[in-house]
Amino acid sequence: MDVNGDHSPDVWTYSVTVKSPDGRERERVVRKELDLNWDGKVDLTQYFDEHGEKVREVMDLDYDGKVDATYTFEKGLKVKGERDIDGDGRPDSFLFFEKGVLVRKENDNNHDGRVDYWEYWEGNQVDRIGEDVDGDGNVDKWTRNPSAARQ
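Note that the coordinates shown come from a computational prediction; the quantities given were computed from them, not determined experimentally.

Draft legend 1. The arrangement of the environment of D136 in detail. Here D136 lies in the loop between β10 (125-131) and β11 (141-144). Through-space distance from the C-alpha of D136 to that of R114 is 9.1 Å; in sequence the pair is 22 residues apart.

Written out as structure tokens, the structure reads:
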């Protein structure tokens, strides 16, 4: 599909032929690729299950041709995200969602392969931050958001 009218495709849809319960054949979308900045390269790839629900999304956020973020979905809702912040090809930021809402973020800020920074989210804002100062993999310092709602 040509979204911007430049006579070059910007969206590619991949389907397979399957039989429905009544025995008729139909097309089922399994993957969709999108060129978001219209440079002719795929920037976003979405994968779909047999029910047509998105199960995974892979993105090139900075348009350099390399995957920067991958998101996993269950029943159409985002449950996990991984991001490569420093561009080394390995994820160093991990996002966790409940009912599609961000609840926790973990980072490897010093790029040693271990998480050393945690954010816990409540009510669409950071509630508290944990930091591993000495590199042992455990939180050494907690910081609370003074404006976060307390229950």
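Draft legend 2. Expanded view of the nonpolar core. Judged by nonpolar contacts, V11, L34, L44, M59, A69, Y71, F73, L95 and F97 together constitute the single largest core of nine residues. Elements supplying a minimum of two residues to this core: β5 (69-74) and β7 (93-98). The dominant element in this core, judged by the number of residues it contributes, is β5, at three residues. Look past the residues within four positions of V11 in its chain and what remains in contact with it is M1, V3, K32, E33 and L34.

Draft legend 3. Representation of empty space enclosed by the protein. Within the structure shown, the criterion is met by one cavity of 30 Å³ or more. Looking at the largest cavity, the residues that line it are N110, D112, R114, V115, D116, D132, G135, D136 and G137. The residue inventory of the lining of the largest cavity, partitioned by class, reads one nonpolar, three polar and five charged.

Draft legend 4. Looking closely at the sheet that holds strand β6 (residues 77-83). Strand order in the open sheet formed by 11 strands is β1-β2-β3-β4-β5-β6-β7-β8-β9-β10-β11, with antiparallel pairing between adjacent strands. On the outer flanks of this sheet lie β1 (11-19) and β11, each paired with one strand and no other. Going across the sheet, the axis of each strand differs from the next one's by a mean of 15°, ignoring polarity.

Draft legend 5. Structural context of the pairing of β7. Among the six residues of β7, five are classified as buried, and the element is accordingly described as predominantly covered. The pairing of β6 with β7 spans four bridges and is antiparallel. In the strand pairing of β7, E82 is matched with F94. Bridge count for β7 against strand β8 (residues 101-107) is six bridges, and the pairing is antiparallel. For F97, the partnering residue across the bridge sits in β8 and is L102. Where β7 folds back onto β8 in an antiparallel hairpin, the turn is made up of two residues, including K99, whose phi is positive at roughly 55°.

Draft legend 6. Representation of the packing of aromatic side chains. Scanning all chains against the criterion turns up one aromatic pair. Here the aromatic rings of Y120 and W142 are separated by 6.0 Å at their centres, their planes lie at 45°, and the arrangement is tilted. One end of the pair, Y120, is in strand β9 (residues 117-122); the other, W142, is in strand β11, and 22 residues separate them in sequence. Over the face of the ring belonging to Y14 we find R31, whose NZ or CZ atom lies 3.9 Å from the ring centre. A cation over a ring is seen here: K78 above Y71, with NZ or CZ 4.3 Å from the ring centre.

Draft legend 7. Quick look at unusual backbone geometry. Here H7, not a glycine, exhibits a phi torsion of approximately 70°, which is positive. Among the residues examined, H7 registers a relative accessible area of 77% and is labelled exposed. Despite not being glycine, N124 has its phi angle at roughly 60°, a positive value. Looking at the secondary structure, you find N124 in the loop between β9 and β10.

Cut-offs and rules
- Residues numbered from 1 in each chain as written.
- Predicted model: local features only at pLDDT ≥ 70, side-chain atom pairs only at ≥ 80, totals over all residues.
- Heavy atoms only, no water.
- Helix = DSSP H or I, 4+ residues; strand = E, 2+ residues; numbered from the N terminus.
- Core = buried A, V, L, I, M, F, W, Y, C linked by side-chain atoms within 4.5 Å.
- Buried < 20%, exposed > 50% of the residue type's maximum accessible area, 1.4 Å probe, protein only.
- Contact = heavy atoms within 4.5 Å.
- 1 Å grid on protein atoms, 1.4 Å probe; cavity = no way out; pocket = protein on both sides within 12 Å on 5 of 7 lines; lining within 4 Å.
- Points joined across faces, edges and corners; volume = space filled by probe spheres on them.
- Nonpolar A, V, L, I, M, F, W, Y, C, P; charged D, E, K, R; others polar.
- Pairing = 2+ DSSP bridges.
- Axes fitted to C-alpha atoms, helices over the stretch in contact; angles between N-to-C directions.
- Phe/Tyr/Trp six-rings, centres within 6.5 Å; stacked < 30°, edge-to-face > 60°.
- Lys NZ or Arg CZ within 6 Å of the ring centre and 35° of its normal.

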